[in-house]
Amino acid sequence: MIMCNTVMATRNNTTISVCKALAIIGMVIGHADPPYKLLAFIYLWHMPLFFIASGYFFKKSYLTDELTFIKKRIKALYVPCVKWSLIILLLNPLFFWTGFLNEQYGNPDGGVTHPLNLRQGIQHAVGIIFTMSNYDVFLLSAFWFFRALLVGSIAYLVIFKLLTKIPFFRKHENICLLTICAICMLLAVLKYGHFKIRYWFIAQGGYRDIMCVFFMSIGYLFRKYERFVSGRYWLMLPMFAILLWYTFNLHTSLTLTTKLHKVIWQPYSAIAGFIFIYLLAQLIEKTQSYSWGKTINRFLVFCGNNTIKIMIFHIFAYKVIALLQIAIYDLEWKQIGCHMVIHHPTTSQYWWVFYSIGGVAIPLFGTYLSQKIRCKSSSL
């Protein structure tokens, strides 16, 4: 494990780091075209967990030090989103020239991407810089998370601060947080209910951003009452039962094509999923008395502390696995452009396992090497 002033093996709460690791691994599996029921199970909780974790670490001091919070959010979310979106935009002609992206192969529904002309490139650059949208969805499809968490975090700060100016809410913080949740659900229902309101000032209509605020409130509340859940492993059984019921009966998620009834029911599946994963993370941590358990925990903490790198580079890592698939089955080179993985019907049945392993391991290995180089450079 790397140890230097700029790289820490653990940050804050290692249980939450392990939770984030399990969630990002779930995201990579979900993007690798796994069996449908496994996909449905993962989508119940994996992205809400990140929002809950963000609320878990929200400090009340930010309500009087807003600038510090906003600067941190911009540095952690806006900067990597815009930087890598613009880099991929500039490389767009090269990707099409090499066939890395092409107009023949795309997603399972037959959708493909097209090369950009200068005018379209400028339009995309403007969208990236000013709205954190218009990024290349074939290579950076998870980048909606950066905008949703940035917008949701700032909105959460603003709403929380405004409500605490009211004496009643300032005195009853729990009611204040539940009121924030109620406001978010009202906004979500207005969007997917009869009125079909689109919050046009937020890219993609604002649903994910609204739910980010909701789940941040849940995370903040959870930290206040964490002691009532921590170590109560018997809770895993009913939480898992809830998740199984949702998996086979009601597939909730943060997808933009969701329905009103799923919006209303989603908080329950997400919270059940978070509690289940939180307790699972605690069980995993208890294995540290064994050498194999210590290795697993160090890996998961490192993974949980570098989820952004996996989010940025996992689709590129898929391409490495796709090259192997193309070579082994003598597939057409242009299938490298499939989104997110190759969908060849006779060769892809179990490759989601290899895509999942590569999608996590390759970005983490690159991160490990870069951090090790920086540590050595700083020690010279």
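Preceding this paragraph is the structure being described.
Residues numbered from 1 in each chain as written. Predicted model: local features only at pLDDT ≥ 70, side-chain atom pairs only at ≥ 80, totals over all residues. Heavy atoms only, no water.

**Considering the packing of aromatic side chains**
Note the cut-off: Think of it this way: a Phe, Tyr or Trp ring, Trp meaning its six-membered ring, pairs with another when their centres are within 6.5 Å, and the plane angle makes it stacked under 30 degrees, edge-to-face over 60, tilted otherwise. Secondary structure elements follow DSSP: runs of H or I no shorter than four residues count as helices, runs of E no shorter than two count as strands, and numbering proceeds from the N terminus. Type-normalised accessible area, obtained with a 1.4 Å probe on protein chains alone, sets the label of each residue: buried when under 20%, exposed when over 50%, and partly exposed for intermediate values. Working rule: Lys NZ or Arg CZ, within 6 Å of ring centre, within 35 degrees of ring normal, means a charge sits over the ring.
Inspection of the entire model under this criterion finds 40 aromatic pairs. Ring geometry for phenylalanine 58 versus tyrosine 156: centroids 5.0 Å apart, planes at 85°, classification edge-to-face. In this pair, phenylalanine 58 is assigned in the loop between helix H3 (46-56) and helix H4 (66-90) and tyrosine 156 in helix H7 (residues 144-164), connecting sequence segments 98 residues apart. Tyrosine 156 gets classed as buried once you look at its relative accessible area, which sits at 0%. Members of the aromatic cluster, joined through ring pairs, are Phe50, Phe51, Tyr135, Phe143, Trp144, Phe145 and Phe146. Geometry around tyrosine 192 places lysine 191 over its ring, the cationic atom sitting 5.3 Å from the centre. For arginine 208, the ring lying beneath its charged end belongs to tryptophan 144, and the centroid distance is 4.0 Å.

**Considerations on the pattern of salt bridges**
We count it as follows: Any carboxyl oxygen of Asp or Glu within 4 Å of a side-chain nitrogen of Lys or Arg constitutes a salt bridge here.
For the structure shown, the criterion picks out four salt bridges. In the salt-bridge network here, residues are joined through shared partners; they are Lys60, Glu173 and Lys224.

**Some details on the nonpolar core**
Filter applied, for reference: Among the buried residues, those of types Ala, Val, Leu, Ile, Met, Phe, Trp, Tyr and Cys that are joined through side-chain atoms within 4.5 Å form a nonpolar core. Throughout, a residue-residue contact means that at least one pair of heavy atoms, one from each residue, lies within 4.5 Å.
Of all hydrophobic cores here, the largest spans 116 residues; its most connected members are Phe51, Phe58, Leu139, Tyr156, Phe160 and Tyr355. It is helix H10 (residues 207-224) that contributes the most residues to this core, twelve residues altogether. Apart from residues no more than four positions distant in its own chain, leucine 139 is found in contact with Ile88, Phe95, Phe100, Leu101, Ile312, Ile315, Phe316 and Lys319.

**Points about a nonpolar patch on the surface**
For the record, the criterion: Two joining distances apply to patches: 9 Å for like charges and 5 Å for nonpolar side chains (Val, Leu, Ile, Met, Phe, Trp, Tyr), and every residue must have over 30% relative accessible area and no salt bridge. Residue exposure ignores everything except the shown protein chains as possible cover, and the areas themselves are Shrake-Rupley values with a 1.4 Å probe.
A cluster of nonpolar side chains, contributed by Leu118, Ile122, Val126, Ile129 and Phe130, occupies part of the molecular surface with about 540 Å² of accessible area. Relative to the helices and strands, phenylalanine 130 resides in helix H6 (residues 118-131). Accessibility expressed as a relative area gives 68% for phenylalanine 130, which makes it exposed.

**Considering the packing of helix H1 (residues 14-31) against helix H13 (residues 291-304)**
Selection rule: A fitted line through C-alpha atoms serves as each axis, taken over the contacting stretch for helices, and the angle formed by two N-to-C directions is quoted from 0 to 180°. With respect to orientation, any angle under 35 degrees is reported as roughly parallel, any angle over 145 as roughly antiparallel, any angle of 65 to 115 as roughly perpendicular, and every other angle as oblique. When residues are grouped by polarity, Ala, Val, Leu, Ile, Met, Phe, Trp, Tyr, Cys and Pro land in nonpolar, Asp, Glu, Lys and Arg in charged, and all others, Gly among them, in polar.
Packing of H1 against H13 leaves a shortest axis separation of 7 Å and a crossing angle of 75°. As judged from the angle between their axes, H1 and H13 are roughly perpendicular. Of the residues in H13, those touching H1 at Thr14, Ser17, Val18, Lys20, Ala21, Leu22, Ile24 and Ile25 are Leu300, Val301, Cys303 and Gly304. In the contact of H1 with H13, the residues fall into eight nonpolar, three polar and one charged.

**Notes on unusual backbone geometry**
Omega for the bond connecting histidine 339 with methionine 340 falls within 30 degrees of zero, at -10°, which places this linkage in the cis form. Among the secondary structure elements, methionine 340 is positioned in the loop between helix H14 (307-329) and helix H15 (351-379). Backbone geometry places asparagine 134, a non-glycine residue, at a positive phi of 65°. Structurally, the position occupied by asparagine 134 is in the loop between H6 and H7. Positive phi is not limited to glycine here, since lysine 196 has a value of about 50°. One can find lysine 196 in the loop between helix H9 (173-192) and H10.

**Here's the deal with H14**
Put simply, the rule reads: Take the number of residues in a helix, subtract one, and multiply by 1.5 Å to get its expected span. The seven residues ending at a residue and the seven starting there each receive a fitted axis; the angle between those axes is the bend at that residue.
For H14, spanning 23 residues, the distance from its first C-alpha to its last is 32 Å, which sits close to the expected 33 Å at 1.5 Å a residue. Where H14 bends most, at phenylalanine 313, the angle is about 50°. Looking one or two places after H14, you find aspartate 330, whose phi comes out positive at around 55°.

**Focus: the environment of lysine 309**
In this fold, lysine 309 is placed in helix H14. For lysine 309, a relative accessible area of 27% corresponds to the partly exposed category. For the pair lysine 309 and glycine 366, spaced 57 residues apart in the sequence, the C-alpha separation amounts to 9.1 Å. Residue contacts for lysine 309: discarding those within four places in its chain leaves Pro363 and Thr367.

**Observations regarding the side chain of serine 141**
You can see serine 141 is positioned in the loop between H6 and H7. Judged by relative accessible area, which is 16%, serine 141 ranks as buried. The residues touching serine 141, leaving out its near neighbours within four places in the chain, are His31, Tyr135, Asp136, Ile315, His339 and Met340.

**Section: the side chain of serine 54**
Topologically, serine 54 is positioned in helix H3. Residues contacting serine 54, with those up to four places away along its chain left out, are Arg73, Leu149, Ser153 and Met216.

**Here's the deal with the packing of H1 against H15**
Cut-off, in case you're wondering: The hand of a helix crossing depends on one turn: near helix anticlockwise from the far one by less than a right angle means left-handed, and clockwise means right-handed.
Relative orientation of the contacting elements H1 and H15 amounts to 135°, with a least axis distance of 8 Å. Classified by the angle their axes make, H1 and H15 are oblique. Considering how the two elements wind past one another, H1 and H15 form a crossing that is right-handed. For the pair formed by H1 and H15, the contact residues are Ile25, Val28 and Ile29 on the first element and Trp352, Tyr355, Ser356, Gly359 and Val360 on the second. For the contact of H1 with H15, the class distribution of residues is six nonpolar, two polar and no charged.

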